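The lines below spell out each chain.
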Amino acid sequence: MGLLDGLLGGLLGGGTSADDINSILSSTAANASALSNVAAANAGTLVTSVIDGMNTMVNTTLQTTFDGVTALEESTMAGSADAMNSVAGTAIAFTEATAAKTYDASGHLLQDNQSVSHNGGAAIMTAYATHTLGALTAGVGQGIAGMMTGVGNGAGQAMANLGAHVPDMLPSLSSSLGGQISASLGTAGLLGNSSL
């Protein structure tokens, strides 16, 4: 060991031993390992936060959409009922009255039959329900289906994009975090700042 100590002393200055160098290298390796662990933990925390944030956003978007759809359905049904009642009030006035009288040979009234038909109003109501309210409600339903499909596809695409890019980000993220932690602790200059 005397020869090695002599060489080190000549290169690095008097008083430096192989034990000193080994101690510094061991300390540097331990610090590097600790930094690596911290960087990995921080990367995991960051990725978890990103995924949690995306889940929250998707869930909030879906819930908002469901709430909006429910309100739209209720509004459509209430509006349709009001419109139907309004039309019914008018259609009920469309009545057809018929009268049939029967006389004998002398001209005396034998029978007087009168009847009222609501067939005209019923026909109006049927046509209104089928061609107006039915078409309106079907259009609202198609709009809701399209909206839900769009929201579902968008949420699915967002999660797919996140899943596709998070693995690509991890290596550079860990390296970046490790470099920042290393710089903050000063381990990059550990050997240079040591008094050997």
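The structure presented is a predicted model; accordingly, all values stated were derived computationally and were not measured.

Conventions we followed
- Residues numbered from 1 in each chain as written.
- Predicted model: local features only at pLDDT ≥ 70, side-chain atom pairs only at ≥ 80, totals over all residues.
- Heavy atoms only, no water.
- Helix = DSSP H or I, 4+ residues; strand = E, 2+ residues; numbered from the N terminus.
- Polar contact = N/O pair within 3.5 Å; in protein donor to acceptor, adjacent residues only side chain to side chain.
- Contact = heavy atoms within 4.5 Å.
- Core = buried A, V, L, I, M, F, W, Y, C linked by side-chain atoms within 4.5 Å.
- Buried < 20%, exposed > 50% of the residue type's maximum accessible area, 1.4 Å probe, protein only.
- Pairing = 2+ DSSP bridges.

Student: Explain the side chain of S117 to me, please; I cannot follow it from the model alone.
Tutor: Note on placement: S117 falls in strand 2 (residues 109–117). For S117, the side chain forms a polar contact with the side chain of N119, separated by 3.0 Å. Discounting residues that sit within four places of it in the chain, S117 has contacts with F94, T95 and E96.

Student: Is there a simple way to think about the nonpolar core in this case?
Tutor: Generally speaking, nonpolar side chains in soluble globular proteins are found buried as a group. Counting five residues, the largest nonpolar core is built from M54, V58, A155, A158 and L162. Looking at this core, the elements with two or more residues in it are helix 2 (18–91) and helix 3 (119–185). Here this core gets three residues from one element, more than from any other, and that element is helix 3.

Student: It is not clear to me how the side chain of T76 should be interpreted in this structure. Could you clarify?
Tutor: On the secondary structure map, T76 appears in helix 2. Of the residues examined, T76 reaches a relative accessible area of 12% and is grouped as buried. Look past the residues within four positions of T76 in its chain and what remains in contact with it is T137 and V140.

Student: What's the story with the pairing of strand 1 (residues 96–103) in this structure? I'm lost.
Tutor: In regular strands, side chains alternate between the two faces of the sheet. Here eight bridges tie strand 1 to strand 2, and the two strands are oriented antiparallel to one another. Note on strand 2: the bridge partner recorded for T98 is S115. Linking two consecutive strands that pair antiparallel, namely strand 1 and strand 2, is a turn of five residues; a positive phi of about 95° is found at G107 within it.

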